[in-house]
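Letter by letter, the chains look like this.
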Amino acid sequence: MPDITLNARALSRNFGLRTAVRDVGFELRQGEVLGLLGPNGAGKTTTLQMLAGCLAPTAGTIEICGIDLLEQPRQAKALLGYLPETPPLYRELTVDEYLRLAARLRRVAKPAVAEAVESAKRRCGLAEVGKRLIGNLSKGFQQRVGIAQAIVHNPRVVILDEPTVGLDPIQIREIRSLVRELGREHSVILSTHILPEVESVCDRIQIMHLGQLVFSGDWEELKQRHPAQSSLEEAFIQLTRQQEESA
Amino acid sequence: MIFTIAAKELKTLFSSPLAWIILAVLEFILAYFFLSQVDAFLAVQSQFTAFANPPGLTELVVAPLFGNAAMVLLMAVPLLSMRLIAEERRNQTLALFLSAPITVTEIVLGKFLGLMAFLGLIVGLVVAMSLSLYAGAAIDLGLLAGNVLGLALLAASFAALGLFISSLTAHPIAAAVGSLGAFLGLWIVNLSAREPDSWLHTLSLLKHFESFNRGVINTADAAYFLLFTLLFLVLAVRRLDNQRLRG
C-alpha cells in the first residue's frame, strides 16, 4: 500500500448553529492529486482551512504523515504547504523577500533558505521577477507566488484552494501543468468548482455538497456509477441534486 | 522565529511612508520643544546663583523633554500598532502564519518586538537629543537613565495594548481610534480622583510614569508597566487562538 500522507476522519465544523462541514473524511497518498469538487458554498474552503490548521474542527481528527495536526501542530504543519483562496501576499515585499520569509516561517534552516527559494521560483516560473514588488505583479504571477510560498519548504502535502480562479486561459494551463508536476513528488489536494480542471489534473475526486461528501473515487467509478451521464458535468449535477433532495 | 517575524514587521513599517513621516514629525516637534526649553534655561540660569540648591540642566530640560516624548508616543503608537493584526486580517494574510509551524505566542511576540524595535528607535532619538547637551554642559546621567527606562516601559505598555486592540478588528483605522481612546483614557483616568490614595491613581499610566520622570525608579511602577504589557500580550494571544477555534 502506498504511503498515506494525509488522513482526515469524520471532520465536522459548525459556525454557531450552522454546520458548514459534516462528517467528511479524506485519504491522500504519496504522489496523488486529489480534486475536491463542489458548488459554491459546499464547504470546500472550510474543509481545506481545517486541513491546513487554520481552523480547528468541531469534531474529527487530522493526521499528516501519521502526526496528529491538533495535538502536535508544530511537527504536522512543517509537512504541509497551504495556498488559501486569497493568496496571503505582502504587496510591499519583493518576491525574493517574501519567499525567504515564507521559508523561514516554515522552519527551513537558514543556510538552506536561498536554495529553497531558488528552487521554488524555478518551479513556479518566477525566476525573472525575484526583485520585483509583489504588489506590482499581475494576478497570474501573484497566484504563482502564492503557490511558491506553499511549496518552498518542500512539504509532503500541498493544499491549494482554487489555484486557478481569476486567471486567463494560458495562465490556467500553466498552473495546471505545475500542479500535475507537484503531484509527482508531493501529495496535492486542490479545490475547485471548475469541472474540466479536475478532469485534466486530478487522479481522484471527492465531491462535496451542502457540507457533506457525496462522492469519492476516481473517474472510472464515477462513470460506472452514472452510466447514463455522458459527461462529468451531468454526473456532478445529478449527484448534487440527489443530495439536495435527501437533505 | 520570533525575530523573523519581528524583522518582517519592521520592514513592513519602513516600506510605507507612514513610519518615515512619523519619525520626521516626532523629531521635529521634540527638537522644537527641546530648543525652547534650552532657551528658557539659558534665560533663567543667571538667577540660580542665588539659590543654595538650584535645579539642574537635566531637571529643567531633559525631564520635560521625556514627559513630552511620552505624550507624543501616546499619539504615535496607535498609528503604528493599528496595522499589526487588523491589516493582516483584512488582507487575509494571517493564513501564512497560521498554517506555518509556529505558535500564536510566537506570532504575537514577533509583532510586539517588531513594533518595540521601531519605538526603541524613537526613544533612541530622544536620548541622542539629550546627550547633545554634553556639547556645552554636564548632565545628570542617573536622571536620564530613569527617564529612558520609564519611557521604554511606557512604550512597551502602549505597544502591547495597541497590538491587542489591533487583534480585535479587521479595520486598521478602527484599531487606531480605539487605541488612542484607550491610551488617553488610561492617561487621564485619575484626573477626577481627589484623594491621593484613590485606586484610580493605580490605573493611570501617567501617574506611573511620573516617578520615572523625576528620576525615581520605583519597582511598583515598573511592575505595573510590565504586568500591563504582559496582560495585553496574553489577551492578544488568546484572541488570535480564539479565531482558530471559532472561525
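Each chain carries its own residue numbering, running from 1 in the direction its sequence is written. Whichever chain is written first is A, and whichever ligand is written first is 1; the rest continue in order. Restriction of local features to residues with pLDDT of at least 70 applies here, the model being predicted, together with a cutoff of 80 or more for giving and counting side-chain atom pairs; totals for whole chains, interfaces and linings are based on all residues. The basis for the side-chain values is all heavy atoms of the structure; hydrogens and waters are excluded.

(A) Just the overall build of chain A, in detail. On a plain count of helices and strands, chain A comes out with nine helices and 10 strands. Radius of gyration: C-alpha atoms only; globule rule: 2.2 Å multiplied by the number of residues to the exponent 0.38. Compactness check: chain A gives a C-alpha radius of gyration of 18 Å against a globular reference of 18 Å for 247 residues, within 12% of the reference. Principal axes of the C-alpha set define a box for chain A whose edges measure 55 × 40 × 40 Å. For every residue, the accessible area obtained with a 1.4 Å probe (protein chains only) is divided by the maximum for its type, and the residue is called buried under 20%, exposed over 50%, and partly exposed between those limits. Within chain A, buried positions represent 55% of all 247 residues. By definition, residues are in contact when any of their heavy atoms lie within 4.5 Å. Partitioning the intrachain contacts of chain A with sequence separation of at least 6 by distance along the chain shows that 68% fall at a separation of at least 24. Here the Shrake-Rupley method, with its probe set to 1.4 Å, supplies the accessible areas, and only the displayed protein chains count as covering residues. Here chain A displays about 10700 Å² of accessible surface, and carbon together with sulfur accounts for 49% of that area. Positive charge is attributed to Lys and Arg, negative charge to Asp and Glu, and no charge count is given to His or to the chain ends. Charge placement uses NZ in Lys and CZ in Arg. For Asp and Glu, CG and CD serve respectively. Here chain A contributes 30 positively and 30 negatively charged side chains, and the mean placements of these two sets differ by 6 Å. Helical segments are the DSSP runs of H or I of at least four residues, strand segments are the runs of E of at least two, and each set is numbered from the N terminus.

(B) Representation of the domain arrangement of chain A in the model. All names here are of chain A. Taken as a whole, chain A is organised into domain 1 (4–79 + 156–246) and domain 2 (87–154). Domain start and stop points were drawn from an automatic or database domain assignment. Centre-to-centre, using C-alpha coordinates, domain 1 lies 25 Å away from domain 2. Between domain 1 and domain 2, the residue contacts involve 17 residues of the former and 13 residues of the latter. Together, the buried faces of domain 1 and domain 2 total about 1300 Å²; carbon and sulfur atoms form 57% of this surface. Only one rule defines a salt bridge in this text: a Lys or Arg side-chain nitrogen within 4 Å of an Asp or Glu carboxyl oxygen. Taken together, domain 1 and domain 2 are joined by three salt bridges. Each polar contact in these results corresponds to two N or O atoms within 3.5 Å; when the atoms are within protein, one needs to be able to donate a hydrogen and the other to accept it, and residues that are neighboring in sequence are counted only if both atoms are side-chain atoms. Our enumeration of links across domain 1 and domain 2 arrives at three residue pairs in polar contact (both at pLDDT 80 or more). Take the side of domain 1 that touches domain 2: its biggest share by element is seven residues, from helix α6 (residues 169–185). Taken together, the residues of the side of domain 1 that touches domain 2 sort by class into eight nonpolar, three polar and six charged. Buried area, as used here, totals the accessible surface that two parts lose on assembly, with accessibility defined by a 1.4 Å probe and the loss added over both. Amino acids outside the nonpolar list (Ala, Val, Leu, Ile, Met, Phe, Trp, Tyr, Cys, Pro) and the charged list (Asp, Glu, Lys, Arg) are all regarded as polar, and Gly is one of them.

(C) Highlighting the nonpolar core. Residues A:Leu51 and B:Leu119 are the most contacted members of the largest nonpolar core, which totals 159 residues. Residue assignment places this core across two domains, with domain 1 (4–79 + 156–246) and domain 2 (87–154) of chain A each supplying three or more. What A:Leu51 contacts, discounting residues up to four positions off in sequence, is A:Leu6, A:Ala8, A:Leu11, A:Phe26, A:Ile62, A:Ile64, A:Leu69, A:Leu80, A:Ile159 and A:Ile189. In this description, a nonpolar core means a group of buried Ala, Val, Leu, Ile, Met, Phe, Trp, Tyr and Cys residues linked to one another through side-chain atoms lying within 4.5 Å.

(D) Spatial organisation of the side chain of A:Thr47. All names here are of chain A. For Thr 47, the position within the fold is in helix α1 (residues 44–51). Of note is the side chain of Thr 47, whose polar atom sits 2.6 Å from the backbone oxygen of Gly 43. Residues contacting Thr 47, with those up to four places away along its chain left out, are Val 21, Val 24, Phe 26, Leu 36 and Met 208.

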